[in-house]
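# Understanding the architecture of this molecule
Spelled out from the first residue to the last, the chains are:
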Amino acid sequence: MSDFDAIADAYIDMWNETDTTARRARIEQLFAPGGRYTDPLADVTGHDQIDAMINAVQQQFPGMHFTLIGPVDAHHRQARFGWALGPAGAESLIDGFDVLERDDDGRVTLVLGFLDKVPTA
């Protein structure tokens, strides 16, 4: 397992953590203090804003879980990986992929999120 495999696993675990204290600890361990997350629906910076965004996603999709899809593709300080969000054991509602960049200490400084499959209204 590469460092980026471990980072991707920790990242998915962070999104699935519903205990607010444990989730905040995961965010602080994984992200650099000025870490930024951006996707088509959010653009946030810092631990507080990342925590609030994850909480909002969990409120919008209660009982849903993120899973890692496929291998982690990485080089230098960046990696990309696919993920799915949906109920356990059922077809996902949303699929996407994220590209992340880490610093010299291995902490995430930037996440660029992309949505491949979204529910149609």
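Residues numbered from 1 in each chain as written. Predicted model: local features only at pLDDT ≥ 70, side-chain atom pairs only at ≥ 80, totals over all residues. Heavy atoms only, no water.

The name an unreviewed UniProt entry gives the chain is Nuclear transport factor 2 family protein, with Rhodococcus erythropolis as the organism.

With that settled, consider a nonpolar patch on the surface. A cluster of nonpolar residues, Leu-41, Leu-115 and Val-118, forms a patch on the protein surface that exposes about 290 Å² of accessible area. Looking at the secondary structure, you find Leu-115 in strand β6 (residues 108–117). For Leu-115, a relative accessible area of 32% corresponds to the partly exposed category. (Patch = residues over 30% accessible without salt bridge, like charges linked within 9 Å, V, L, I, M, F, W, Y side chains within 5 Å. Areas by Shrake-Rupley, 256 points an atom, 1.4 Å probe, with all protein chains shown as cover. Salt bridge = Lys/Arg side-chain N within 4 Å of Asp/Glu carboxyl O. Helix = DSSP H or I, 4+ residues; strand = E, 2+ residues; numbered from the N terminus. Buried < 20%, exposed > 50% of the residue type's maximum accessible area, 1.4 Å probe, protein only.)

This brings us to the pattern of salt bridges. Throughout the structure, instances matching the rule amount to eleven salt bridges. Among the salt bridges present, the one from Arg-23 reaches Asp-51, with a minimum N-O distance of 2.7 Å. Linking Arg-23 in helix α2 (residues 20–30) with Asp-51 in helix α3 (residues 46–60), this pair joins segments that are 28 residues apart in sequence. Side by side, Arg-23 and Asp-51 carry an identical accessibility label, which is buried. For Glu-28, the salt bridge goes to Arg-24, with nearest N and O atoms at 2.8 Å. Residue Glu-28 and its partner Arg-24 are both found in helix α2; the two are separated by four residues, about one turn of the helix. Relative accessible area serves as the criterion here: at 22%, Arg-24 is assigned to the partly exposed category. Where salt bridges share partners, they join Arg-23, Arg-24, Glu-28, Asp-48 and Asp-51 into one cluster.

Mapped onto this numbering, the UniProt entry annotates "domain: SnoaL-like" (unreviewed entry) at residues 9–109. Across residues 9–109 one finds 34% helix and 44% strand; the C-alpha atoms that close the span lie 16 Å apart. (UniProt positions renumbered as here; feature names shortened; annotations may be inferred.)

Here we come to the pairing of strand β1 (residues 31–39). Sheet faces and side chains relate simply in a regular strand, where the side chains alternate between the two faces. Sheet analysis places β1 next to β6, joined by four bridges and oriented parallel. Following the sheet pairing, Arg-36 is matched in β6 by Leu-110. As paired elements, β1 and strand β2 (residues 42–45) share four bridges and run antiparallel to each other. Counterpart to Thr-38 in the pairing with β2 is Asp-43. (Pairing = 2+ DSSP bridges.)

Another point: the environment of Gly-82. Among the secondary structure elements, Gly-82 is positioned in strand β4 (residues 78–86). Residues Gly-82 and Val-99, spaced 17 residues apart in sequence, show a C-alpha to C-alpha distance of 9.1 Å.

Inspection of the secondary structure puts Glu-17 in the loop between α1 (3–16) and α2. Overall, Glu-17 belongs to the buried group, its relative accessible area being 16%. Excluding anything up to four places from it in sequence, Glu-17 contacts Ala-22, Arg-23, Arg-26 and Gln-58. (Contact = heavy atoms within 4.5 Å.)

All right, on to the layout of surface pockets then. One number sums up the size of the largest pocket: a volume of about 340 Å³. Lining of the largest pocket is provided by 19 residues; of these, Asp-39, Leu-41, Val-57, Phe-61 and Leu-115 occupy positions nearest its centre. Its residues placed into classes, the lining of the largest pocket shows 16 nonpolar, one polar and two charged. (1 Å grid on protein atoms, 1.4 Å probe; cavity = no way out; pocket = protein on both sides within 12 Å on 5 of 7 lines; lining within 4 Å. Points joined across faces, edges and corners; volume = space filled by probe spheres on them. Nonpolar A, V, L, I, M, F, W, Y, C, P; charged D, E, K, R; others polar.)

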